[in-house]
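Structural characterization, general
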Amino acid sequence: SQQMDLGLKIDEEIPLTLEEIENYDVEELLQLGEENLENMRYQNCQLIYERAYALDPKNERVLSAFGFFLSTIKQTELARKVLSEAIYLAPDENAKKYLHIAELYNGNDAATFYFKAIEILIKDIQKSDNIFYQNVDYDDLKKDLSQAYSALGELYMSDLCKTENAQSHCLNFLLKSIETDNQNLDAYYQLANYFLETDDPDKAKESILKLIELYAAHHEKEDGFLDGYNNEFFLGVAKVCIELEFYNQAILILDDLVRDDEKNAEFLYNNAYCNFMVKNYITAAEYVKDLNEFDLSFDPELQAAKKELEGELQKIDVSQAMDNDKMREDEDWEDEDDEEQKMDNDMEVEMK
């Protein structure tokens, strides 16, 4: 659907006022709410969705969007209430509200919502195969369906692991998830966890390598695909890589996590550990040095692990470091750059 230009600059820090949006209709408010939510302007979102609700309190799309916003800012009870109202108004439409509310529940309750979302999504996908049925983003429907299957797989590995045939349900849903959308990183991650749980490390490696392959491809393209996953998810992926002794693959992800949040002690420690394991002792020591700036008393386990790694690093002959040559290469490049710069400067002086 075509985006309307609403003429409001939402990238400014100045919060919106009610006067600015009082002439907007519900459609315009929903679009504005979505844009503000993407930019994490939560104060604006609150105002926008409350205004939309005041205009049309029985609008299922308003309630769904408002409920999702409330779940994003962790207003769980209110989010449940608002999304339940949306479900009451239109129980067989818009699978999104079922996906959002499922995340606010555990066990069988969550599963029930996911199953309903799947039922609606399959119907919508079948409808969108019909050329007369317009305004449906087929790819988005597939992604949502894949996500619902993946979430069910995870549920049968955790909350519902004691239910009958849980293991086969889990595997079945995760494979369906990948079959529906073979770009779903979460499905590959859950599948790797499933194979680790069922003592099949070779298959776990296959799943995680596929995930890393997709990660690297999208990372190179810088196409925004990876923004659909949070840092907590990628830390989980890195930890599975570590468990499978794929240290270089873990470093690929951890480097990005550290770039994104260099104040996160867990990112720094895991990166230090992986670099140590591949004999990048200089890099590992630098991360440990950064860690020493933090008070780790809030996490005694992390504190002990850092101390142990520090002890191991002190026993190491740095000349054996794999990143020793890399550091020297970098220095050589810098020396060459300096030399080239000097020559350029000399030529400029002569030309003058």
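Refer to the preceding data block for the structure.
To start, this report covers the structure provided alongside it. Predicted model only: the values in this text are computed from it and were never measured.

A closer look at the overall build of the chain
The number of helices and strands found in the chain is 17 helices and zero strands. When each of the 352 residues of the chain is scored for burial, the buried share is 42%. Pairs at least 24 apart in sequence give 56% of the contacts found in the chain among residues at least 6 apart. Of the roughly 21,300 Å² that the chain leaves accessible, carbon and sulfur atoms contribute 47%.

Some remarks on the packing of aromatic side chains
Inspection of the entire model under this criterion finds 19 aromatic pairs. With a centroid separation of 6.2 Å and 20 degrees between ring planes, the pair formed by tyrosine 149 and phenylalanine 173 is classed as stacked. With tyrosine 149 in helix H8 (residues 138–157) and phenylalanine 173 in helix H9 (residues 166–180), this residue pair connects regions lying 24 residues apart in the sequence. Following the ring pairs from residue to residue traces out a cluster consisting of Tyr189, Tyr215, Phe225, Tyr229, Phe233 and Phe234. Sitting above the plane of the tyrosine 105 ring, arginine 80 keeps its charged end 4.1 Å from the centroid.

Side note on the pattern of salt bridges
It is possible for side chains of opposite charge to pair when their charged atoms get near one another. Counted under the stated rule, the structure contains 13 salt bridges. Notably, a salt bridge pairs lysine 210 with glutamate 213, separated by 3.4 Å at the nearest N-O pair. You can see lysine 210 and its partner glutamate 213 sitting in helix H11 (residues 201–221), three residues apart, about one turn around the helix. The salt bridge partner of lysine 239 is glutamate 266, with a shortest N-O separation of 2.5 Å. In this pair, lysine 239 sits in helix H12 (residues 231–243) while glutamate 266 sits in helix H14 (residues 265–277), placing the two residues 27 residues apart along the sequence. Residue lysine 239 is classed as partly exposed on the basis of its relative accessible area, which comes to 38%. Given a relative accessible area of 29%, glutamate 266 falls into the partly exposed group. Through salt bridges with shared partners, a single network forms among Asp92, Lys116, Glu119 and Lys123.

Focus: a negative patch on the surface
On the surface, Glu262, Glu286, Asp290 and Glu293 cluster together into a negatively charged patch. Note on placement: aspartate 290 falls in helix H15 (residues 281–291).

Some thoughts on the environment of leucine 141
Within the element layout of this structure, leucine 141 appears in helix H8. Taking the C-alpha atoms as reference points, leucine 141 and aspartate 124, 17 residues apart in sequence, are found 7.6 Å from one another.

A word on the environment of leucine 226
Tracing the sequence through the fold places leucine 226 in the loop between H11 and H12. For leucine 226, a relative accessible area of 14% corresponds to the buried category. Distance in space between the C-alpha atoms of leucine 226 and tyrosine 215 is 7.4 Å, their sequence separation being 11 residues. With sequence-adjacent residues up to four places away left out, leucine 226 is seen in contact with Leu185, Tyr215, His218, His219 and Phe234.

Things to note about the side chain of serine 207
Along the chain, serine 207 turns up in helix H11. On the accessibility criterion, serine 207 (5% relative accessible area) is buried. Setting aside residues no more than four positions away along its own chain, serine 207 makes contact with Tyr188, Leu191, Ala192 and Phe195.

So, how was this worked out
- Residues numbered from 1 in each chain as written.
- Predicted model: local features only at pLDDT ≥ 70, side-chain atom pairs only at ≥ 80, totals over all residues.
- Heavy atoms only, no water.
- Helix = DSSP H or I, 4+ residues; strand = E, 2+ residues; numbered from the N terminus.
- Buried < 20%, exposed > 50% of the residue type's maximum accessible area, 1.4 Å probe, protein only.
- Contact = heavy atoms within 4.5 Å.
- Areas by Shrake-Rupley, 256 points an atom, 1.4 Å probe, with all protein chains shown as cover.
- Phe/Tyr/Trp six-rings, centres within 6.5 Å; stacked < 30°, edge-to-face > 60°.
- Lys NZ or Arg CZ within 6 Å of the ring centre and 35° of its normal.
- Salt bridge = Lys/Arg side-chain N within 4 Å of Asp/Glu carboxyl O.
- Patch = residues over 30% accessible without salt bridge, like charges linked within 9 Å, V, L, I, M, F, W, Y side chains within 5 Å.
- Lys, Arg positive; Asp, Glu negative; His and termini not counted.
- Charge placed at Lys NZ, Arg CZ, Asp CG, Glu CD.

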